[in-house]
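# Coordinate analysis (summary)
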Amino acid sequence: EIGDGCFSHCQSLKEIIIPNTVTKLGNDCFGCCYNLTTIELNEGLLEIGEYCFYNCQSLKEIIIPNTVTKLGNYCFSNCINITKIELNEGLLEIDEYCFYNCQSLKEIIIPNTVTKLGKSCFYNCTNITKIELNEGLLEIGDDCFQYCQSLKEIIIPNTVTKLGNECFYRCSNLTNIKLSDNI
């Protein structure tokens, strides 16, 4: 385990390679590492804590290993230059504000193992054009996709039973919606 705040505000840090022996990245572990461009996460990692990579503004892409089951609150929020996030089978929950204000993110595919998207999960991801939600998802939290202004269409899987308040509020270019029969 790498403890809370361990490398937070290491402003010259550019690259991180996490070995497969690390099972947890603590809260705010690498937060505000403004020049961090590369993160290599390996199989064996189970949990990424709250604010772990918060405000890592030079980060461009991230691949979450299939051993990770939970992404904590604000985990990648304000990573304004991240363009690609690869989520893998095994992930169960994406917590509140996880990808908040990731303004350069273009698309996201939610694996069918994810059952819940937390509150404001993708809030203000203004350039996201494609969101693929898969069967297995049960709940979409309040404000989840609020201000995703480039989003044009969304298909809500039949497994979804709850859409939170203002889920797609101010998605001003949303033209096509297919809702689950179970809501």
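Before reading on, note that the structure itself is shown above.
Residues numbered from 1 in each chain as written. Predicted model: local features only at pLDDT ≥ 70, side-chain atom pairs only at ≥ 80, totals over all residues. Heavy atoms only, no water.

### Notes on the sheet that holds strand E12 (residues 139-140)
Across the sheet, seven strands lie side by side as E2-E4-E6-E8-E10-E12-E14; this open sheet has parallel pairing. The strands lining the two open edges of the sheet, one partner per strand, are strand E2 (24-25) and strand E14 (162-163). Looking at chain direction, E12 and E14 are connected through two bridges and run parallel. Considered in E14, the bridge of Ile140 is made with Leu163. (Pairing = 2+ DSSP bridges. Helix = DSSP H or I, 4+ residues; strand = E, 2+ residues; numbered from the N terminus.)

### Description of the nonpolar core
In terms of nonpolar packing, the biggest core is built from 56 residues, with Leu25, Ile48, Phe53, Leu71, Ile94, Leu117 and Phe122 touching the most fellow members. Dropping the residues within four chain positions of it, Leu117 is found in contact with Ile94, Ile110, Phe122, Leu133, Leu137, Glu139, Ile140, Gly141, Cys144 and Phe145. (Core = buried A, V, L, I, M, F, W, Y, C linked by side-chain atoms within 4.5 Å. Buried < 20%, exposed > 50% of the residue type's maximum accessible area, 1.4 Å probe, protein only. Contact = heavy atoms within 4.5 Å.)

### Concerning the environment of Ser120
On the secondary structure map, Ser120 appears in the loop between strand E10 (116-117) and strand E11 (130-132). Separated by 20 residues in the primary sequence, Ser120 and Tyr100 have C-alpha atoms spaced 6.6 Å apart. Apart from residues no more than four positions distant in its own chain, Ser120 is found in contact with Tyr97, Tyr100, Asp142, Asp143 and Cys144.

### Section: the side chain of Asn78
Note on placement: Asn78 falls in the loop between strand E6 (70-71) and strand E7 (84-86). At a separation of 2.6 Å, a polar atom in the side chain of Asn78 contacts the side chain of Asn55. Once you skip the residues sitting within four places of it in the chain, Asn78 turns out to touch Tyr54, Asn55, Cys56, Gln57, Tyr100 and Asn101. (Polar contact = N/O pair within 3.5 Å; in protein donor to acceptor, adjacent residues only side chain to side chain.)

### A look at the pattern of salt bridges
This model, assessed by the stated rule, comprises four salt bridges. Close ionic contact of Lys130 with Glu132 constitutes a salt bridge, the shortest N to O distance being 3.8 Å. Lys130 gets classed as partly exposed once you look at its relative accessible area, which sits at 35%. Lys162 serves as the salt-bridge partner of Glu139, at 3.8 Å between the closest nitrogen and oxygen. One end of the pair, Glu139, is in strand E12; the other, Lys162, is in strand E14, and 23 residues separate them in sequence. (Salt bridge = Lys/Arg side-chain N within 4 Å of Asp/Glu carboxyl O.)

### Here we look at the packing of aromatic side chains
Summed over all chains, the structure comprises 14 aromatic pairs. Pairing Phe99 with Phe122 gives two aromatic rings, centres 5.3 Å apart and planes at 15°, and the pair type is stacked. Taken together, the residues span a long stretch of sequence, with Phe99 in the loop between strand E8 (93-94) and strand E9 (107-109) and Phe122 in the loop between E10 and E11 at a distance of 23 residues. Each member of the pair, Phe99 as well as Phe122, carries the same accessibility label: buried. Ring centres of Tyr147 and Tyr169 lie 6.1 Å apart, and the angle between their planes is 80°; on these two criteria the pair is classed as edge-to-face. Of this pair, Tyr147 sits in the loop between E12 and strand E13 (153-155) while Tyr169 sits in the loop between E14 and strand E15 (176-178), and the two are 22 residues apart along the sequence. The exposure class assigned to Tyr147 is partly exposed, which follows from its relative accessible area of 23%. For Tyr169, a relative accessible area of 35% corresponds to the partly exposed category. Aromatic ring contacts, followed pair by pair, group Phe7, Phe30, Phe53, Phe76, Phe99, Phe122, Phe145 and Phe168 into a single cluster. (Phe/Tyr/Trp six-rings, centres within 6.5 Å; stacked < 30°, edge-to-face > 60°.)

### Quick word on the environment of Glu166
Along the chain, Glu166 falls in the loop between E14 and E15. Spatially, the C-alpha atom of Glu166 lies 18 Å from that of Ile94, the residues being 72 residues apart in sequence. Those residues in contact with Glu166 that lie beyond four places of it in its chain are Asp143 and Gln146.

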